[in-house]
Structure formats: C-alpha cells, structure tokens
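Each chain is listed here by its residues.
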Amino acid sequence: MSELANYESFNIEVKDHIAHVQFSRPEALNSMNKAFWLELPRCVQDIEANTDARVIVISSTGKHFSAGMDLGVFSDPKSVPMSGDPGRMAENLRRVVLQLQDTLSSLEKVRLPVLAAVHGGCIGGALDLVCAADSRYCTADAYFTIKETELGMTADVGTLQRLPKLMPEGVVRELAYTGRKFGAEEAQRLGFVNTVYENQEAMLEGVMAIAAQIAANSPLAVTGCKEMINFSRDHSVEDSLKYMATWQSGMFRPGDMMKSFQAKAQKQAPTYDALFPVKDLFDN
C-alpha cells in the first residue's frame, strides 16, 4: 500500500478497508475553491490505486458540510476570460464547466461505493457533489439548496441531471425554480437521504457501520452492483439486462461464493481477495 498524497482540501484516513475523506477547510465553510476541484478526482484515484479501501465515506468539518462553489473559481481571467470574442469565450466556458462536471463524476466512476455524510448546510455545488454519491445520510440539522437559481444562474455541474433520478421530478422542479432550502425530514421522506441521525457523531458512527458491512462483502460483487445500477439508471431495462448477462458471463467466478459458503459453515466471516489496483496505463 503506497503513501497517499497530501491534500489542501481533504484529510484522508484509511482503516479496515474504509477510506474516510473529510473536508478540511471549516474556516472557509468548506467552500469548493480551485484546489478542491483539482484535488477531488486525484484524491479518489489515489484511494483506488494506492489503498486497500473498499468503500469511501465523505464527511466534513465545522458548521456546514459545504457552502458550495467558491466564486473565485470563475474570477480568474486566465481560466474564464470575460473579454474578447464572444464565441471563443463561450467555447472556453463550456470546456471549464465540463471539467467541473468531470470532477464530481469521479464519484460515480470510481469502482468503490461512495457514502456522503452531511451535516449543516449542503449548498449549491455541494448538492451537486452529494447527488453523485451512491448513498446519502444526514444529521437532523442538515439542509440542502439549489442555491444557484437564487444567485441568478442555472445549476450546471450535476444536480439538475441526477436529482430527478433520486426524487420526484415535480419536487425537483420546485426546488430548482425557487432555490428554497429543504431539510433533513423532507429529504428522507422524498428518498434523497437514507437515514437522518440526531447529530454528527451518531451519523458518523452509523455510516461507518454501513461502510463496514459493505467492506465485508466481496469487492467484485460490490463493484458489479455499482456498475449495474449506474448503467440501468441511464439505459432501458432490456439493454440493462443484456449488459448484466454479459458482465456476469465474464466476471462471475465461483471462488468468492465458495468462500462465503465455507465461512458460513464454519461460522466465520469470509475473507475476500482485493481487486487489482487501478493504475495509469503502463504504470508499474
């Protein structure tokens, strides 16, 4: 297992096959600055390639989960020029938005399940982020908002594409058009969060217990579940069934199943081999 890199925006601890990623800028309300957008996909890839983690838990520090996009991201004229030919400015801005989208999509693309543990405010871009997680949990004081509408822009890095797959579309439209806050109770009632906890300590204890259950299962079976659920969300039932059959014909082997049967017979917990690490092409 290699040393993890140091990150300005996150603290990472890997223990018992669980990678705990905590936002580490509470003094700035964990706003998503330039470093955050660059570091998140690197952090996820680092965990996948260089640790034995089988699940990722994302939580935060301070008063709020995250205040969302740091407006400084768009104030750098080198990254987002605000003068010159309109067509060229538009092409550049489109490319920047696609890069920001890719940052959050890294949570979907990683083989490991990602569990988001939210307390306080989950605002704007932070809501885009948790929509890309596999499952969401929150404290009783948590609230969520599509803040961009109130600021005079359309949310552009994932909420409007993912949230209608997670909650009733009519409700999402209301939340998007108004920009109003929705709290923990409403989020759970609508199926956006799995569980509401009394406080952050109880939430982390509960989410870590769920992560431990995931980590105890065959990592090949778990990554197959994530791959299939993501594919099925975006394809027809027929296409998804065909993909499932193809996946199973190539990936299924009896080894892990035999280990689970043997462990149950011996009243022990099964031990599964790790997946091969994900590396850059030709990286030794």
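Residues numbered from 1 in each chain as written. Predicted model: local features only at pLDDT ≥ 70, side-chain atom pairs only at ≥ 80, totals over all residues. Heavy atoms only, no water.

Caption draft 1: Focus on the environment of Val207. Mapped onto the fold, Val207 is located in helix H8 (residues 200-215). The exposure class assigned to Val207 is buried, which follows from its relative accessible area of 0%. Residues Val207 and Tyr197, spaced 10 residues apart in sequence, show a C-alpha to C-alpha distance of 9.8 Å. If we ignore the near neighbours within four places in the chain, the residues touching Val207 are Val57, Leu115, Ala117, Tyr137 and Tyr197. (Helix = DSSP H or I, 4+ residues; strand = E, 2+ residues; numbered from the N terminus. Buried < 20%, exposed > 50% of the residue type's maximum accessible area, 1.4 Å probe, protein only. Contact = heavy atoms within 4.5 Å.)

Caption draft 2: Inspection of the side chain of Ser66 at higher detail. Along the chain, the position of Ser66 falls in the loop between strand E3 (55-59) and helix H2 (86-109). Taking relative accessible area as the criterion, Ser66 reaches 1% and is therefore assigned buried.

Caption draft 3: Spatial organisation of the domain arrangement of the protein. Taken as a whole, the protein is organised into domain 1 (10-216) and domain 2 (219-266). A separation of 27 Å is found between the C-alpha centroids of domain 1 and domain 2. With 11 residues of domain 1 at the interface, the matching set in domain 2 holds seven residues. For the pair domain 1 and domain 2, the summed buried area comes to about 710 Å², and 48% of that belongs to carbon and sulfur atoms. On the domain 1 side of the interface with domain 2, the three residues burying the most area are Glu108, Arg111 and Lys165, jointly 56% of the side's total. Counting across the interface, domain 1 meets domain 2 through three salt bridges. For Lys165, the salt bridge goes to Asp234, with nearest N and O atoms at 3.8 Å. Tallied by class, the residues present in the side of domain 1 that touches domain 2 amount to six nonpolar, no polar and five charged. (Domains from an automatic or database assignment. Buried area = accessible area lost by both parts, 1.4 Å probe. Salt bridge = Lys/Arg side-chain N within 4 Å of Asp/Glu carboxyl O. Nonpolar A, V, L, I, M, F, W, Y, C, P; charged D, E, K, R; others polar.)

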